[in-house]
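# Results of the structural survey
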Amino acid sequence: MARKASLSGYLELLPAERFAELHVLDTLREVFEAHGFSPLETRAVETVETLLQKGEIDQEIYAISRLQEEERSGREAKLALRFDNTVPFARYVTENAGHLAFPFRRYQIQKVWRGERPQAGRFREFSQADIDIVGDGALPFRCDVEIVVVMARALEALRIGDFTLRVNNRKLSEGFYRTIGLTNTPAALRVVDKLEKIGPLRVAEELRETAGASAEQAELALQLAQIRTSDCTFADKVRQLAGDRPADLLQQGLDELTELMSELNARVPGRAVADLSIARGLDYYTGTVVETVLHGHEDLGSICSGGRYESLASAGKRVFPGVGLSIGVTRLLSALISSGELASSRSVPTVVYVTLRSDDDWGPAQDVADQLRRRGISAEVALSAEKFGKQIKYADRRGIPYVWFTDELGRHEVKDIRSGSQESVDPSSWAPPTEDLTPQIIRKTEGL
RNA sequence: GUGGGUGUAGCUCAGCUGGUAGAGCAUCGCGUUGUGGUCGCGAGGGUCGCGGGUUCAAGCCCCGUCACUCACCCCA
């Protein structure tokens with residue numbers, strides 16, 4: 001958690017921190033739009049029915065109610081706060097299918113709410129930045145590739161340090177389990193997903209106990225989960241394990257993950273590994289699955305994850321398969337801010353603080369400020385003619401880089417508060433170096 | 001939801017076997033009377049989370065409650 005909070009799980013930032021967050025959001029928007037994703041926002045509230053649609057009874061959903069509950073309220077649809085961007089988006093797509101052109105690609109950066117117990121990096125209210133591509137009836141696998149590439153580039157653009165996208169394909173895992181006769185694939189995926197946390201011995205144990213695997217099946221499933229390659233050689237290892245008669249599904253999964261890895265290595269080299277232990281808890285994923293570790297912040301868990309879902313949205317006979325990834329903006333931001341890796345140079349947008357020689361000078365001082373503002377230079381005028389020392393201190397405490405003085409003859413001087421140097425200037429032409437125009441983002445990250 | 005830990009000044013914390021609250025930093029003022037940052041001196045600031053109990057006396061002990069925090073579960 002970045003700072004103490006009067007309510008746990010609800011992060012509130014100081015202005016300087018908010019500048020850092022805005023920079024993150026601006027960067028994401030830039031990268032998403034560069035790749036042709038349209039902006040989209042959906043309402044905060046969904047019907048409980050919509051949210052519970054795909055199983056997931058236990059999502060710690062916040063229900064909405066009015067304090068003055070009326071007797072007839074039983075007839076109204078029960079409403080709840082969104083807990084992710086994907087489910088509301090799926091609802092939106094089916095409702096607006098007639099107005100959208102498919103495949104439809106959008107980005108969506110919004111708050112979501114989950115009632116889980118807060119912890120470091122886990123919030124009850126947090127922002128997710130999603131990109132998805134949704135097709136009408138069918139969606140080329142290339143979209144999986146594109147989604148992962150765009151997110152890798154977005155994370156690169158944030159320049160927050162080194163990260164690794166861990167990718168897998170559920171068809172591969174499930175196909176493998178079928179090939180070796182392990183039938184309870186959902187349970188097996190769930191167990192295997194915990195490999196990193198509980199270790200190979202306990203994974204094997206739980207595979208036998210909860211997924212009904214034989215000792216031999218458990219061993220094979222464990223070996224599969226331990227495959228991790230930065231290139232396409234994982235496929236050979238899988239084939240060795242799978243033996244002579246691989247299930248069709250396994251072959252499909254191998255083909256898809258091979259295509260994905262080979263494209264990723266070409267377009268965002270060094271950013272992805274094929275990690276066959278990745279499964280994801282959400283049961284609507286059907287193919288590609290992705291998690292992301294930020295190096296140096298492994299304990300945070302995944303900062304960006306998602307995958308392919310074949311039928312999250314449907315309207316009558318129409319099915320809308322999709323693929324999407326989501327960045328945990330709040331989680332990422334709170335970690336970087338509290339570690340001091342990300343900060344902003346000042347807490348105000350102000351570039352110039354215009355001082356007052358006397359209280360009567362307020363009007364002319366605003367005129368000076370307006371001349372600067374018209375040229376895109378943020379300016380603030382002192383409220384009263386305190387001693388110059390105090391006026392300078394006012395600016396200094398807020399990180400305002402320049403203080404403006406006008407003498408009794410109307411001559412102007414601007415002082416760079418950091419260096420202390422002061423020079424005669426003209427309000428109609430003076431401008432600061434471009435880096436001073438907005439608060440600077442300060443990074444203390446190594447690498448990139 | 002389950003189990004631990006912690007609540008004292010704006011922040012970080014001290015406060016002995018119960019005796020009526022302290023430090024550093026920050027803030028404000030003065031030195032320096034209209035050009036800040038350093039330094040010196042001084043000042044303000046606390047229902048000790050809240051409620052109850054034990055006691056002559058509770059920040060300290062007991063009970064309850066709320067909040068924060070960590071782990072599990074789950075996830076961004």
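Note that the structure is predicted; figures quoted are calculated from it, not measured.

Time to look at the packing of helix α1 (residues 15–34) against helix α11 (residues 329–338). Helix packing for two helices is described by the angle between their axes and how far apart those axes are. The geometry of α1 relative to α11 is characterised by a closest axis approach of 11 Å and an angle of 135° between their N-to-C directions. One element, α1, and the other, α11, form an angle in the oblique class. Every pair of crossing elements has a handedness; the one defined by α1 and α11 is right-handed. Each of Glu17, Ala20, Glu21, Val24, Leu25 and Leu28 in α1 lies in contact with α11, whose residues at this interface are Val329, Leu333 and Ile337. Among the residues making up the contact of α1 with α11, the classes are represented as 7 nonpolar, no polar and 2 charged.

Turning to the UniProt feature "binding site: L-histidine" (unreviewed entry) in chain A, a few remarks are in order. Sites flagged by UniProt as "binding site: L-histidine" (unreviewed entry) map to Asp84, Asn85, Thr86, Arg114, Gln128, Asp132, Arg280, Tyr284 and Tyr285. By the element assignment, Arg280 lies in the loop between β9 (272–275) and β10 (288–294). For Arg280, a relative accessible area of 17% translates into the label buried. Sequence-distant contacts of Arg280, defined by excluding residues within four places in its chain, comprise Arg170, Asp193, Tyr285, Val289, Val290, Glu291, Ser305 and Gly306. Polar contacts involving the side chain of Arg280 include one to the side chain of Glu291, which spans 2.9 Å. Considering the arrangement of structural elements, one finds Tyr285 in the loop between β9 and β10.

Glancing now at the domain arrangement of chain A. What the domain assignment reports for chain A is domain 1 (15–41 + 86–344) and domain 2 (352–431). For domain 1 and domain 2, the distance between their C-alpha centres works out to 51 Å.

Reading across from one edge, β15-β14-β16-β17-β18 is the order of the 5 strands in this open sheet, with mixed pairing throughout. Of all the strands in the sheet, just β15 (379–381) and β18 (422–425) have a single pairing partner and so form its edges. Strand-to-strand twist of the sheet, defined as the mean angle between neighbouring strand axes without regard to direction, takes the value 25°. Pairing of strand β14 (residues 352–354) with strand β16 (residues 402–406), which is carried by 3 bridges, proceeds in the parallel orientation. When the sheet's bridge partners are listed, Val352 is paired in β16 with Tyr402. On top of the sheet, helix α13 (residues 388–398) reaches β14, β15, β16 and β17 (412–416); it is set at about 150° to β16, its chief contact.

Attention shifts here to the side chain of Thr355. Assignment of secondary structure puts Thr355 in the loop between β14 and α12 (362–374). Overall, the relative accessible area of 6% leaves Thr355 in the buried class. From its side chain, Thr355 meets the backbone oxygen of Trp404 in a polar contact 2.7 Å long. Beyond its immediate chain neighbours, meaning those up to four positions away, Thr355 contacts Ala365, Ala382, Phe388, Gln391, Val403, Trp404 and Phe405.

Extensive coverage of strand β7 (residues 163–169) is indicated by the burial of 7 of its 7 residues. Both faces of β7 are covered, namely the face carrying Phe163, Leu165, Val167 and Asn169 and the face carrying Thr164, Arg166 and Asn168. As paired elements, β7 and β9 share 3 bridges and run parallel to each other. Paired with Arg166 across the two strands is Val273, which belongs to β9.

Analysis parameters
- Residues numbered from 1 in each chain as written.
- Chains lettered and ligands numbered in written order.
- Predicted model: local features only at pLDDT ≥ 70, side-chain atom pairs only at ≥ 80, totals over all residues.
- Heavy atoms only, no water.
- Axes fitted to C-alpha atoms, helices over the stretch in contact; angles between N-to-C directions.
- Helix = DSSP H or I, 4+ residues; strand = E, 2+ residues; numbered from the N terminus.
- Parallel < 35°, antiparallel > 145°, perpendicular 65-115°, else oblique.
- Left-handed = near helix turned anticlockwise from the far one by under 90°.
- Contact = heavy atoms within 4.5 Å.
- Nonpolar A, V, L, I, M, F, W, Y, C, P; charged D, E, K, R; others polar.
- UniProt positions renumbered as here; feature names shortened; annotations may be inferred.
- Buried < 20%, exposed > 50% of the residue type's maximum accessible area, 1.4 Å probe, protein only.
- Polar contact = N/O pair within 3.5 Å; in protein donor to acceptor, adjacent residues only side chain to side chain.
- Domains from an automatic or database assignment.
- Pairing = 2+ DSSP bridges.

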